[in-house]
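Chain by chain, the residues run as shown.
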Amino acid sequence: MNTNDENDIGVVFRKTLGHYTVHTDGREIDCVLSSLLRKELIFPTADPTSLRHAVQEVREINHVDPVAIGDRVRYVDAGDSRGMIVEILPRGSKLSRPAPVPGQRVFEQVIVSNADLILPVFSAANPTPKWGLLDRYLASAEAAGLPALIVINKLDLAWKNPSLDEDIEIYRHIGYPVLLVSAITGEGIEELKQALQGKLSAMVGKSGVGKTSLLNAIQPELGLRVKAVSNGEVGKGRHTTTHLEMFQLDFGGTIVDTPGMREFGLWNISAEELADLFPEMSEYVGQCRFGLSCRHDHEPGCEIRKAVMAGEISPYRYQSYMRLREEL
Amino acid sequence: MRARATSSPFGDFRCSNCHAIVSSAHLLSGVNNRNHCPYCLWSSHLDLFAAGDRLSACKALMKPIGLTMKKSRNKYQCEPRGELMLIHECVECKSLSINRIAADDDSEMVMTVFQESLTLGHQIHALYQEHGIVILHLDDKELVHTQLYGRYAKIPVFDWM
């Protein structure tokens, strides 16, 4: 083991069960996690006169995994391209969701940290876009203070979805940029490259929308494994990418490919904060008859409901808001 | 409009008007989307583009204001004029909707709505006609009765007839 007190700093690019690949100075270090990062040590109240600093209690941390892709970590170099992560440096941003693990406690799952851009990827058809899921991604991105670029893949299949333009217009009207691409024909790929340049971006979306195919189209030498969506009428994607991984892009920037996510809840958001995560609603927050106490449901004098009825807010977005609110 | 209405499953509810607990079981109502209270026939303004889409932000009460007939695509239907429908009007935004009468709707209450609709003025009839809704009038009383109680049921003579 490296005997120096100074530990190295790197970025987590890939993680599989118990192993983290940390990139530093062009090297890849296969790291394990220090047990201290999996525990929370509780010390007695600090008393300057006391010489005893014994740990009173050890608690499990409230995370599925304390390390996320994109984390800047301090590690101890053990030589032979191996090491141990001993500290996670403060995160600039994080995209989280409640861990979909059945059990009594709900844990935070940080999907990606220190990202600059979130790319919710949907397919024009096959599978049909779930706009409610997009609203969840967008609200999460807003909560994390991250800009989002909506990517609609499989443009070559757009003829199967006659309402696509109308649906996209809802998001363009709010102010979200929407990029129409096709990993098959290459349409829109150059624009996507420009948007990704110099940024740490994270692709999110359900299975089968073509996230990995897009990555292959952006950078063919990656040669990542892709599969066709299941045959028949189901049109559902098959889980092809099974782990999170970050890739360095030739033209500058990094991108995180995530496994398909069918469920996406909001982490650490209160019901009162939710309307602020819908940019078109945020301007009405506090203007209702019941002020900040308004739940924007049945309350009389609700300005958000009024805006929906006046056509200023999409009823679909309002419905997404109500569904998310019910979960909080 | 999105290709598929994003209807969410909804269960039993309490009527906002009469506060009765209403079951949404298809077995009782005979309809896919329970639209109104079977006891007082009042509804809530929840749907916007299609039945069951639950996209309306109005959410105000909808009053049953009359009856109309809707042509059905069922060529075997015995009544050529179609199916008896309830007309609801939103008490806040005044939007109209016509809704199927459920199997467990109170027939007496439907007759009461019909009776009250007879007092609606010509102007209202004309206004609804602009929306393509023809409110049934006194001449249709036999039709209404037949639709509610069957063709062999004796038509009672009400004092308002």
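These remarks concern the structure in this document. Sequence positions are assigned chain by chain, starting from 1 and proceeding in written order. For naming, the first written chain is A and the first written ligand is 1, with later ones following in the order written. The model is predicted, so local features are restricted to residues of pLDDT at least 70 and side-chain atom pairs to those at 80 or more, both for listing and for counting; the totals for chains, interfaces and linings are taken over all residues. The basis for the side-chain values is all heavy atoms of the structure; hydrogens and waters are excluded.

1. Some points on the overall build of chain B
Strands here mean DSSP runs of E at least two residues long; helices mean DSSP runs of H or I at least four residues long; both are numbered from the N terminus. Within chain B, the secondary structure is distributed over four helices and six strands. Starting at the N terminus and walking to the C terminus, you meet the elements of chain B as β-β-α-β-β-β-β-α-α-α. The buried label goes to any residue with under 20% of its type's maximum accessible area, the exposed label to any with over 50%, and the partly exposed label to all in between, with areas taken from a 1.4 Å probe on protein chains only. A buried classification covers 37% of the 161 residues belonging to chain B. We call two residues in contact when some of their heavy atoms are within 4.5 Å. In chain B, once contacts between residues fewer than 6 apart in sequence are set aside, the share between residues at least 24 apart is 50%. For chain B, the accessible area works out to roughly 9500 Å², and carbon and sulfur atoms hold 53% of it. The protein chains shown are the only cover counted for residues, whose accessible areas, like all others here, come from Shrake-Rupley with a 1.4 Å probe.

2. Thoughts on the interface of chain B and chain A
On the chain A side, the residues contacting the 15 residues of chain B number 17 residues. Here, a salt bridge means any Lys or Arg side-chain nitrogen found within 4 Å of an Asp or Glu carboxyl oxygen. The interface formed by chain B and chain A contains one salt bridge. A salt bridge links Asp-297 of chain A to Lys-59 of chain B; the shortest N-O distance between them is 2.7 Å. Within 3.5 Å is the distance limit for a polar contact, defined as a pair of N or O atoms, with the added protein rule that one can donate a hydrogen and the other accept it, and that residues adjacent in sequence qualify only through two side-chain atoms. Seen at the junction of chain B and chain A, the total is six residue pairs in polar contact (both at pLDDT 80 or more). Note that Gly is not counted as nonpolar here; it falls among the polar residues with everything else outside the nonpolar set of Ala, Val, Leu, Ile, Met, Phe, Trp, Tyr, Cys and Pro and the charged set of Asp, Glu, Lys and Arg. Partitioning the side of chain B that touches chain A into residue classes produces eight nonpolar, three polar and four charged.

3. What to know about the packing of helix 3 (residues 189–196) of chain A against helix 4 (residues 211–218) of chain A
All names here are of chain A. Axis lines are fitted through C-alpha atoms, for helices just across the contact stretch, and the angle between N-to-C directions can take any value from 0 to 180 degrees. Two elements in contact, helix 3 and helix 4, have axes separated by 10 Å at closest approach and are oriented at 90°. When the axes of helix 3 and helix 4 are compared, the pair comes out roughly perpendicular. Contacts from Ile-189, Leu-192, Lys-193 and Leu-196 of helix 3 reach helix 4 at Leu-214, Ala-217 and Ile-218. Class assignment for the residues of the contact of helix 3 with helix 4 results in six nonpolar, no polar and one charged. Our angle categories are set so that under 35 degrees counts as roughly parallel, over 145 as roughly antiparallel, 65 to 115 as roughly perpendicular, and the remainder as oblique.

4. Quick notes on the pattern of salt bridges
Residue and element names in this part refer to chain A. Counted according to the given criterion, the structure contains 17 salt bridges over all chains. Notably, a salt bridge pairs Arg-14 with Glu-245, separated by 2.6 Å at the nearest N-O pair. Taken together, the positions of Arg-14 in strand 1 (residues 8–16) and Glu-245 in strand 14 (residues 245–248) put the pair 231 residues apart, joining distant regions of the chain. We classify Glu-245 as buried; its relative accessible area is 13%.

5. Remarks on the sheet that holds strand 4 (residues 61–70) of chain B
All names here are of chain B. One open sheet holds the four strands; their spatial order is 3-4-5-6, and the pairing between them is antiparallel. Bordering the open sheet on either side are strand 3 (43–44) and strand 6 (96–100), each of which pairs with just one other strand. What makes two strands pair is DSSP finding at least two bridges between them. Sheet topology note: the strand 5 (residues 83–90)/strand 6 ladder contains five bridges and is antiparallel. Across the sheet, the residue bridging to His-88 is Ser-97, located in strand 6. Contacts from helix 4 (residues 141–149) reach strand 4 and strand 5 within the one sheet, and its direction differs from that of strand 5 by about 105°.

6. Some points on the packing of helix 1 (residues 131–143) of chain A against helix 7 (residues 315–327) of chain A
Residues and elements named next belong to chain A. Helix 7 packs onto helix 1 with a crossing angle of 70° between their chain directions and a minimal axis gap of 10 Å. Comparing their axes, helix 7 and helix 1 come out roughly perpendicular. By crossing handedness, the relation of helix 1 to helix 7 is classed as right-handed. Contacts from Gly-132, Asp-135, Arg-136, Leu-138 and Ala-139 of helix 1 reach helix 7 at Tyr-316, Arg-317, Ser-320, Leu-324 and Glu-327. Per-class residue counts for the contact of helix 1 with helix 7 are four nonpolar, two polar and four charged. Should the near helix be turned anticlockwise from the far one by less than a right angle, the crossing is termed left-handed; should it be turned clockwise, right-handed.

7. Structural notes on the packing of aromatic side chains
A pair of Phe, Tyr and Trp rings is counted when the ring centres sit within 6.5 Å of each other, with Trp represented by its six-membered ring. The angle between the planes then sorts it: under 30 degrees is stacked, over 60 is edge-to-face, the rest tilted. Overall, the coordinates contain six aromatic pairs over all chains when judged by the stated rule. For the pair Phe-122 of chain A and Trp-131 of chain A, a centre-to-centre distance of 6.2 Å together with 20° between the ring planes defines the contact as stacked.

8. Brief notes about the pairing of strand 14 of chain A
All names here are of chain A. As paired strands, strand 14 and strand 15 (residues 254–257) are joined by four bridges and run antiparallel to one another. By the bridge assignment for strand 15, Phe-247 is matched with Ile-255. If you look at the hairpin formed by strand 14 and strand 15, you'll find five residues sitting between the two strands, and Gly-252 has a positive phi there, around 100°.

9. Structural notes on helix 2 (residues 164–174) of chain A
All names here are of chain A. Turning to helix 2, its buried residues are Leu-164, Asp-167, Ile-168, Ile-170 and Tyr-171. The buried residues of helix 2 occupy an angular sector of 140° when projected down its axis, which confines them to one face. Along helix 2, the residues that are exposed and aim more than 90 degrees away from the buried face are Asp-165 and His-173. Where helix 2 is buried, its residues contact helix 1, strand 11 (150–153), strand 12 (178–180) and helix 7. Comment: arc refers to directions from the helix axis out to C-beta atoms.

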